[in-house]
Amino acid sequence: MTSVVSRIPAADSIAASTHFASLLRFETDCWDTHFAIANNRQDFVLLDVRNEVLFAQGHLPKAINLPHKRINKQALDSYSADTLFVVYCAGPHCNGADKAALKLAELERPVKKMIGGVTGWLDEGFDLIPEES
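Since the model is a prediction, treat every value here as computed from it, not as a measurement.

Q: Requested: an account of the overall build of the chain, with residues and values cited.
A: Assigned secondary structure in the chain consists of six helices and five strands. When the helices and strands of the chain are listed from N to C terminus, the series reads α-β-α-β-α-β-α-β-α-β-α. Each principal axis of the C-alpha distribution contributes one length, and for the chain these read about 60 × 35 × 30 Å. Across the 133 residues that make up the chain, the buried fraction comes to 32%.

Q: For the pairing of strand S4 (residues 85–88), give the residues involved together with the corresponding values.
A: Residue alternation in S4 divides its side chains into two sets, Phe85 and Val87 and Val86 and Tyr88, and both sets are buried. Where strand S2 (residues 45–48) meets S4, four bridges bridge the pair, whose relative direction is parallel. Among the inter-strand pairings, Asp48 is bridged to a residue of S4, identified as Tyr88. Direction of pairing for S4 relative to strand S5 (residues 111–114): parallel, over a ladder of three bridges.

Q: Lay out helix H5 (residues 96–106) in plain terms, naming residues and giving numbers.
A: Because each turn of an α-helix spans 3.6 residues, side chains separated by three or four positions in sequence point in the same direction. Taken as a whole, H5 has its buried residues at Gly96, Ala97, Ala100, Ala101 and Leu104. The arc that holds every buried residue of H5, seen down its axis, measures 130°, which confines them to one face. Of the exposed residues in H5, those oriented more than 90 degrees away from the buried face are Leu102 and Glu106. Next to the buried residues of H5 lie S2, helix H4 (73–76), S4 and S5.

Q: How would you explain the packing of aromatic side chains if you had to name every residue and give the values?
A: Scanning the entire structure with this criterion turns up three aromatic pairs. With centroids separated by 5.0 Å and ring planes inclined at 75°, the aromatic side chains of Trp31 and Phe126 adopt a geometry described as edge-to-face. In this pair, Trp31 sits in helix H2 (residues 30–38) while Phe126 sits in the segment after helix H6 (117–123), placing the two residues 95 residues apart along the sequence. You can call Phe126 buried: its relative accessible area is 9%.

Basis of the calculations
- Residues numbered from 1 in each chain as written.
- Predicted model: local features only at pLDDT ≥ 70, side-chain atom pairs only at ≥ 80, totals over all residues.
- Heavy atoms only, no water.
- Helix = DSSP H or I, 4+ residues; strand = E, 2+ residues; numbered from the N terminus.
- Buried < 20%, exposed > 50% of the residue type's maximum accessible area, 1.4 Å probe, protein only.
- Pairing = 2+ DSSP bridges.
- Arc of directions from axis to C-beta.
- Contact = heavy atoms within 4.5 Å.
- Phe/Tyr/Trp six-rings, centres within 6.5 Å; stacked < 30°, edge-to-face > 60°.

Shown next as structure tokens:
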């Protein structure tokens, strides 16, 4: 008897390796992002692509607010062409990070999405920083 899980066979090792390596080229997670920030190893620009109100209520440490609707060439002019951007939005129910990543890719900028967004960050037990007045 087979389960729903095993009914479709798993990919062979080469295909699985290619697939998962590819995912890691497009995504990072909350733990890796937190580790980089907490250990002064942040070699990327962390973009919170939600609106200004949500950003002010709480965002990830060292994040910059650039709503996905405002991403354009002019908004990125102060960054070198090889700057890696890591984008996040509210969470798995939000596609703002995908929209931002697409815009950055279309502008030929290196980009990764932080999976989980704010929801994932909080689920991992990390804190948000309220905007200072």
